[in-house]
Structures are given as C-alpha cells and as structure tokens.
Amino acid sequence: MGKLLSVVVSVYNEEPGLREFYQETKKVLEELPAPWEHELLFVNDGSRDGSLSILRELAAADSHVRLINFSRNFGHEAAMIAGIDYAAGDGIVCMDADLQHPPECIPRILEKFDQGFQVITMVRTKNRTAGLVKNVTSAAFYRLINCLSDVKFEANASDFFAVSRQAADVLRRNYREKVRFLRGYVQSIGFQRATLEYEARPRIAGESKYSIRSLFKFSINTILCFSDLPLKLGIYSGIAVALFGIAMAVYTIYTWAEYGTPSGYATIVVLLSFMFAMLFIIVGIIGEYIAILFAELKDRPVYIVEDMENFPSGTEHEKKMDGDDARNS
Ligand code: UDP
Ligand code: MG
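From a predicted model like this one, the values you see are computed outputs, not experimental measurements.

**Quick look at the packing of aromatic side chains**
Summed over all chains, the structure comprises nine aromatic pairs. Each ring, one from phenylalanine 21 and one from phenylalanine 42, has its centre 6.1 Å from the other, and the planes form 75°; the classification is edge-to-face. In this pair, phenylalanine 21 is assigned in helix α1 (residues 15-30) and phenylalanine 42 in strand β2 (residues 36-44), connecting sequence segments 21 residues apart. The same class applies to phenylalanine 21 as to phenylalanine 42, namely buried. If you follow arginine 72 out to its NZ or CZ, it ends over the ring of phenylalanine 74, 3.9 Å from the centre.

Here it is in structure tokens:
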C-alpha cells in the first residue's frame, strides 16, 4: 500500500513568492521515492493580499493541493496546528511558504520515516537571512529556556519539522493549549527522534512577519509555559531578603551599641525601593501566569476555519472533520 506524505504550509501575506514556492515544492514532491504519495495542505492564515486567490487557483488546478482558509489571522502556530489536524498523511512535514525551508530536504526526511523515526527536527546550520540581533537573541533564549525547563530543546530548531501519524495524533489530542510553543511540544513528546541539518535560504520575497517585539512576547510565554521556576522566584527572593534583613538588624544593633545612634534615612530609602521593586516583579510574574490560566479557562478556539477546499470525501479527512468540534474547543 502507498504511503501518504502531508506537507503543511502556513501562508500569511505571501503573494509575491507563493507560486514559486508551489512550483519548487511540487517538483520535489512529484519525484518522491516509490511508496510515497503526497498532499500539499496550505493554511491561509487570514492573508490580506492576493495569497488566497492564488491558493484557490492552485487548488483548482491540482488535486493534491488542499486549502484551509482561516476566518482571520491566528498566527503561524495556529496555522501549523490546523494543518496537522487536517492532514491525512502517514508522515507530516511542516514548512514555511517563503522557501526558507528548502523542499529538497523532503526526501531525506522520508528516509528517516522509512527507518522508523517518528519525530524529525530540522536544525538550521546557518541563518544567513536573520540579522545578528536575531541570531544572538535566539541563542540566548535557548540557553535560558534549557536552563529553566526540564525539557531540553534543540537550539536552532526551526518551525521546519516532521512527525509521523502516531506523533501527530498526540499533538492533535493532547496538546491543545492556547498559549503554546509547538516546536517545544514536538521535541518533548518523545518517540524515536532524529535531527537533520539544513541550510536556511534567504526569503524568496516579501518580509518576515515576526517583529522583535512579537518574538520577545513569544519567548516570555514559552518560558512561562515550560517552566514554573519563575513562580518560585518569590520564595527564593523572600529567603534572600529575610537573610539580608537579619544581617541589617545585627548591624543596626551594633552601631546603636557602639555609637549611640542607629544609622539612618538613606538606608531606609534604599532598602524600601529595593524590596518594593522585588515585590512588584514577583507580582508581575504571578500576573503573567494568571493571564495564561485565564486564556486556558476562556477556552477560545485555537483557530476558526472559514472554508476548506479540495478535501476528498469518504477518507481520513472526513473522519477528522467530524471530530472537529471536540478538538476545536
Ligand atoms: N505566518 C503565518 N501567520 C502569521 C505569520 C506568519 O502563517 O501570522 C507564516 C508565513 O507565511 C511563513 C511562516 O509563517 O510561511 C514563517 O513566517 P516568517 O517567514 O515571516 O518568519 P521567519 O521565517 O522570519 O521566522
Ligand atoms: Mg521565513
């Protein structure tokens, strides 16, 4: 029996390079080794340019192309999640629509699937496209998260990864968090894992959608999601301040006994501002966790699908769509 490879591609305002992406990827997919067939799932994440009409055109011309159209922009991760949800493949590859993730890597991924690996993480060897700032902050981020969290993350892991059907089922069923880090989940679910290296290419066209600000927010959320160490900061700093307080008390008693007057005003001001700063930081951290709890509690959908095209009926896909309500909520 043939095997199906699903290629999930999230698309947000990629009009200028989209056709080129399709052509290059299609070339690779048509030459896949023997038992492998392919489907190409585009998730349109609320693009405001002509991406959607290009995708509809492609879907009309090519029966391997499937289209999931979101009702608005839900973000890259939501798009990948939707793609994984609706993919019918035995193997699923997630990649960007800007050709930064070279489609030539797909045959190597299939080799790994054939060898029985279930989770294949693609690691960037060189990122010529990102600036120095992005590379340095990304390295710092991975160092920090690896030190704070129990799960060890691959630095330079990208949103280019592949999972088997079994691993994808785990993501579909059990990882429905609203505040999330998909790359991290993929690395933390276990299974036989392989890493492959690839060289990131420059973007074919258009602009990167991630600003430094959104990456910063993303990093904070990730740390909070994968570690409860920040919560314990309160206890640690409490202990530190208490010890410091005892030392200060001893010192004050000593100066009072020796010189008759305890030392004064400046100390109080410094201590007060120091401790209040600490207190507010801790309250802020707790606030961040409450915000995450609140988001989970509201239980809004991860994404909303407006319409879908080219999904064959009577197949794996249809079963998925029946279960959709359960998963979307
Ligand atoms: N993307 C998306 N929704 C968004 C932002 C980005 O689906 O809100 C897609 C985008 O079309 C691209 C991929 O996610 O296919 C990666 O985005 P981008 O290339 O801007 O990020 P970078 O490669 O710079 O990290
Ligand atoms: Mg990109």
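**Re the nonpolar core**
In terms of nonpolar packing, the biggest core is built from 37 residues, with Phe70, Phe161, Val163 and Tyr303 touching the most fellow members. Ranked by residues supplied to this core, first place goes to helix α3 (residues 76-86) with seven residues. If you look at the next biggest cluster of nonpolar residues, it comprises 36 residues, including Leu5, Leu40, Leu67 and Met95.

**Some words on the side chain of serine 6**
Residue placement: serine 6 occurs in strand β1 (residues 3-11). A distance of 2.6 Å separates polar atoms of two side chains, one belonging to serine 6 and the other to glutamate 39. With residues near it in sequence (within four places) discarded, serine 6 still touches Glu39, Leu41, Ala87, Ala88, Gly89, Gly91, Ile92 and Val93.

Each value, and the rule that gives it
- Every chain begins its residue count from 1, and numbering advances along the sequence as written.
- By the order in which they are written, chains take letters starting at A while ligands take numbers starting at 1.
- With the structure being a predicted model, the display of local features is reserved for residues of pLDDT at least 70 and the display and counting of side-chain atom pairs for 80 or more, all residues being used for whole-chain, interface and lining totals.
- Only hydrogens and water are set aside when side-chain values are computed; all heavy atoms of the structure are taken into account.
- Between the rings of Phe, Tyr and Trp (Trp by its six-membered ring), a pair exists once the centres lie within 6.5 Å; its type follows the angle of the planes, with under 30 degrees stacked, over 60 edge-to-face, and the other angles tilted.
- The helix and strand labels rest on DSSP assignments: H or I over at least four residues marks a helix, E over at least two residues marks a strand, and numbering proceeds from the N terminus.
- Each residue is placed in one exposure class: buried if its accessible area under a 1.4 Å probe, protein chains only, is under 20% of its type's maximum, exposed if it is over 50%, and partly exposed if it falls in between.
- Distance and angle both matter: a charge sits over a ring if NZ of Lys or CZ of Arg is within 6 Å of the ring centre and within 35 degrees of the ring normal.
- Each nonpolar core is a collection of buried residues, namely Ala, Val, Leu, Ile, Met, Phe, Trp, Tyr and Cys, held together in the definition by side-chain atoms within 4.5 Å.
- The definition of a polar contact used here is a pair of N or O atoms within 3.5 Å, where within protein one atom must be able to donate a hydrogen and the other to accept one, and adjacent residues in sequence count solely through side-chain atom pairs.
- Note on contacts: a residue pair qualifies if any of its non-hydrogen atoms lie within 4.5 Å across the two residues.

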